[in-house]
Amino acid sequence: MSTLPISLSWPRTIDDVAQLGRELTAYTQSGTWPLLHVMGVMAISAIWKHAWSIPGSVIWNVLAGALFSPALATLFLNVLTTLGSACASLLATPLAPFLTYLFPRALDMTRAALSGDSDLDQDPLSTDAPKNKSPAWVRLSVLRLIGVVPWSGINIASGVCRVPLSDCMLGTFIGCLPWTAVTCQIGDILQTVASSPSPSPESISSILMTPHIIMKLVFLSFLSLAPILGRDRLRTMIHPSVTRQSTDDKSSSRRNWVRDWRSKIRMTSKTRSRDRVASTELNILIQEKRALEQLPS
């Protein structure tokens, strides 16, 4: 950051972010080398923050959305996030022997959640076929999309549990893509509003009501709600065998209900036929009795 011609070392308020955005925008528009300079500083700082789990990397996402196009900023910052997360996993790998010795069961449960492999679930006497499980990168993607576990915790856990680096990077790239796109779009919208000639309430509201901004806001809402709306699908991706088993149970219970319903209908029809035969026999006996009573004594 000290190599950039800016008046702030690191923004701490919204006004500082706006001031830093204006200064970087003016600097990047002065030529190609200044643009590459900003991108290089941004890459080093973002990877460093993700590698050591230092908060504040989201500011680079917003600034990148204000400096570049949303698509370029999303792709660039998502690659940096992936590289930084991979570095964090590699840095946490030497801690695996110590944590395995101190917390063996907790580490095994974490390994089962991330990659589906667990020593506690293996039975040497069992002859059943192995259960279907989703790949590690799918589980990591879903964990990052849901957002329940902090990303720094996922990075450290992936390194300690020795999840393959390819799965870590692929899961990070896919799982972080919506959030990176949202923050970069926010930076682009703020830059559009800030660059208006007269920042009055009427002009800001008119800018926000333009079709271009409305489409961006709708897109941001969709990206934010997509993990919540698709939670059943995400659960299926994590536990395919369990979901398939529950589906089979539902279908079997439905078939059993239909079978019971048919048997009840058959029993009811049989009971009605018996009642009909009994009533017919009773009528015959009554007629015979009346015929005997009418005979002359």
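Residues numbered from 1 in each chain as written. Predicted model: local features only at pLDDT ≥ 70, side-chain atom pairs only at ≥ 80, totals over all residues. Heavy atoms only, no water.

Labelled according to an unreviewed UniProt entry, the protein appears under the name VTT domain-containing protein, originating from Leucocoprinus birnbaumii.

**Observations regarding the overall build of the protein**
Helix and strand counts for the protein stand at 13 helices and zero strands. If you list the helices and strands of the protein from N to C, you get α-α-α-α-α-α-α-α-α-α-α-α-α. The long-range fraction of contacts in the protein, counting pairs at least 24 apart against all pairs at least 6 apart in sequence, stands at 71%. Accessible surface, the protein: about 19200 Å² in total, of which carbon and sulfur atoms supply 65%. (Helix = DSSP H or I, 4+ residues; strand = E, 2+ residues; numbered from the N terminus. Contact = heavy atoms within 4.5 Å. Areas by Shrake-Rupley, 256 points an atom, 1.4 Å probe, with all protein chains shown as cover.)

**Observations concerning the packing of aromatic side chains**
What the rule picks out here adds up to one aromatic pair. Centre to centre, the rings of W48 and W52 are 5.8 Å apart; their planes meet at 50 degrees, and the pair counts as tilted. (Phe/Tyr/Trp six-rings, centres within 6.5 Å; stacked < 30°, edge-to-face > 60°.)

**Considering unusual backbone geometry**
Trans peptide bonds make up the majority, and among non-glycine residues the majority have a negative phi. Notably, S53 is not glycine yet its phi reads approximately 55 degrees, a positive angle. Positionally, S53 belongs in the loop between α2 (32–51) and α3 (57–67). Judged by its relative accessible area of 32%, S53 falls in the partly exposed class. The phi torsion at R162 lies on the positive side, around 55 degrees, for a residue other than glycine. We classify R162 as exposed; its relative accessible area is 54%. (Buried < 20%, exposed > 50% of the residue type's maximum accessible area, 1.4 Å probe, protein only.)

**Structural notes on the packing of helix α1 (residues 14–28) against α2**
Where α1 meets α2, the closest approach of the two axes is 7 Å, and the angle between their N-to-C directions is 135 degrees. The angle between α1 and α2 places the two elements in the oblique class. The segment α1 lies against α2, with L24, Y27 and T28 engaging P34, L35, H37 and V38. By residue class, the composition of the contact of α1 with α2 is five nonpolar, two polar and no charged. (Axes fitted to C-alpha atoms, helices over the stretch in contact; angles between N-to-C directions. Parallel < 35°, antiparallel > 145°, perpendicular 65-115°, else oblique. Nonpolar A, V, L, I, M, F, W, Y, C, P; charged D, E, K, R; others polar.)

**Concerning the environment of T172**
Locating T172 in the fold gives a position in helix α9 (residues 165–194). Residues T172 and W137, 35 residues apart in the sequence, show an inter-C-alpha distance of 8.0 Å. If we ignore the near neighbours within four places in the chain, the residues touching T172 are N78, T81, T82, S85 and R144. There is a polar contact of 2.6 Å between the side chain of T172 and the backbone oxygen of C168. (Polar contact = N/O pair within 3.5 Å; in protein donor to acceptor, adjacent residues only side chain to side chain.)

**Focus on the nonpolar core**
Counting residues in hydrophobic clusters, the biggest one holds 20 residues, and the most contacted among them are L24, M42, W60 and L77. Elements with a minimum of two residues in this core: α1, α2, α3 and α4 (70–92). When near neighbours in sequence (up to four residues on either side) are disregarded, M42 contacts W60, A64, L67, F68, F76, L77 and L80. One finds A92, L107, L114 and V163 within the second-largest nonpolar core, a separate group that totals 12 residues. (Core = buried A, V, L, I, M, F, W, Y, C linked by side-chain atoms within 4.5 Å.)

**Side note on the UniProt feature "transmembrane region" (unreviewed entry) in the protein**
When the UniProt feature table is mapped onto this chain numbering, "transmembrane region" (unreviewed entry) sits at residues 32–51, 58–77, 83–103 and 213–230. Helix makes up 90% of residues 58–77 and strand 0%. Its end C-alpha atoms lie 10 Å apart. Within the segment residues 83–103, helix and strand shares are 81% and 0% respectively, and the terminal C-alpha atoms sit 28 Å apart. (UniProt positions renumbered as here; feature names shortened; annotations may be inferred.)

**Here's the deal with the packing of helix α7 (residues 136–146) against α9**
The geometry of α7 relative to α9 is characterised by a closest axis approach of 8 Å and an angle of 30 degrees between their N-to-C directions. Here α9 runs roughly parallel to α7, going by the angle between their axes. In this structure, α7 meets α9 at a crossing whose hand is right-handed. Across from A136, W137, L140, S141, R144 and L145 in α7, the residues of α9 making contact are D167, C168, L170, G171, T172, I174, G175, C176 and P178. Looking at the contact of α7 with α9 residue by residue, the class counts come to nine nonpolar, four polar and two charged. (Left-handed = near helix turned anticlockwise from the far one by under 90°.)

**Let's talk about the side chain of N78**
Along the chain, the position of N78 falls in helix α4. Filtering out sequence-adjacent residues up to four positions away, N78 remains in contact with T172, F173, C176, L177 and T180.

**Brief notes about a nonpolar patch on the surface**
A contiguous nonpolar surface patch, about 430 Å² in accessible area, is contributed by W48, W52, I54 and L91. Turning to its location among the elements, L91 is positioned in helix α4. Here L91 falls in the partly exposed class, since its relative accessible area comes to 41%. (Patch = residues over 30% accessible without salt bridge, like charges linked within 9 Å, V, L, I, M, F, W, Y side chains within 5 Å. Salt bridge = Lys/Arg side-chain N within 4 Å of Asp/Glu carboxyl O.)

**Overview of α3**
Taking burial as the measure, the 11 residues of α3 include 10 buried ones, the bulk of the element. Buried within α3 are the following residues: S57, I59, W60, N61, V62, L63, A64, G65, A66 and L67. Buried residues along α3 sit against α1, α2, α4 and α9.

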